[in-house]
Amino acid sequence: MKDARAIAAELKKFSPELATRERWLVLNKLDLLTPAEADKRCKEIVRRLRWKGRVLRISGATRQGTQELCQAIMRRLDEKSRDEAEAEAARDE
């Protein structure tokens, strides 16, 4: 938790604007835990960070959840592109 908070603080110092952008919490290495322990640890991390955003659970080693992560990223990029195009069209009207 301390490391995540330190990274967020450094990001804010580096670029206050960047620090306000949407962020997702991606919890990796779940293959190293039993499903029950992984669930417990993930919930604890989210609670201790007081995380309100999107949370994704993956294992890079076994690829568990990585396809879902890639798909979620693509969907979000598509949404942002549509939102930006609509905003631009509204400005042009």
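About the cut-offs
Residues numbered from 1 in each chain as written. Predicted model: local features only at pLDDT ≥ 70, side-chain atom pairs only at ≥ 80, totals over all residues. Heavy atoms only, no water. Helix = DSSP H or I, 4+ residues; strand = E, 2+ residues; numbered from the N terminus. Rg over C-alpha atoms; globule rule 2.2 N^0.38 Å. Patch = residues over 30% accessible without salt bridge, like charges linked within 9 Å, V, L, I, M, F, W, Y side chains within 5 Å. Areas by Shrake-Rupley, 256 points an atom, 1.4 Å probe, with all protein chains shown as cover. Salt bridge = Lys/Arg side-chain N within 4 Å of Asp/Glu carboxyl O. Lys, Arg positive; Asp, Glu negative; His and termini not counted. Charge placed at Lys NZ, Arg CZ, Asp CG, Glu CD. Buried < 20%, exposed > 50% of the residue type's maximum accessible area, 1.4 Å probe, protein only. Core = buried A, V, L, I, M, F, W, Y, C linked by side-chain atoms within 4.5 Å. Contact = heavy atoms within 4.5 Å.

Turning to the overall build of the chain, a few remarks are in order. Scanning the chain from terminus to terminus reveals 4 helices and 2 strands. Element order for the chain, N to C, with α for helix and β for strand: α-α-β-α-β-α. In terms of overall size, the chain is more extended than a compact globule, its C-alpha atoms giving a radius of gyration of 17 Å where 93 residues would be expected to give roughly 12 Å. If one aligns the C-alpha atoms of the chain with their principal axes, the spans along those axes are about 55 × 30 × 20 Å.

This next bit is on a positive patch on the surface. A contiguous patch of positive charge on the surface is contributed by Arg-5, Arg-48, Arg-50 and Lys-52. The topology assignment puts Arg-50 in the loop between helix H3 (35–49) and strand S2 (55–57).

We now examine the environment of Ile-7. Inspection of the secondary structure puts Ile-7 in helix H1 (residues 2–14). Residues Ile-7 and Gln-71 lie 64 residues apart in sequence; the distance between their C-alpha atoms is 26 Å.

Going through the model one piece at a time under the given rule, you end up with 7 salt bridges. As a salt-bridge pair, Glu-22 and Arg-76 come within 2.7 Å of each other at their nearest N and O atoms. Of this pair, Glu-22 sits in the loop between helix H2 (16–19) and strand S1 (25–27) while Arg-76 sits in helix H4 (residues 66–92), placing them 54 residues apart in sequence. Taking the shortest distance from any N to any O, the salt bridge between Arg-57 and Asp-39 comes out at 2.9 Å. Here the residue Arg-57 occupies a position in strand S2, and Asp-39 occupies one in helix H3, the gap between them amounting to 18 residues. With a relative accessible area of 34%, Arg-57 lands in the partly exposed category. Among the charged side chains, a salt-bridge network with shared partners connects Glu-22, Arg-76 and Glu-79.

With that settled, the discussion passes to the nonpolar core. Judged by nonpolar contacts, Leu-25, Leu-27, Leu-30, Ala-38, Cys-42 and Leu-49 together constitute the single largest core of 6 residues. Those elements giving two or more residues to this core turn out to be S1 and H3. Excluding its chain neighbours within four sequence positions, the residues that come into contact with Ala-38 are Leu-30, Leu-33 and Arg-57.

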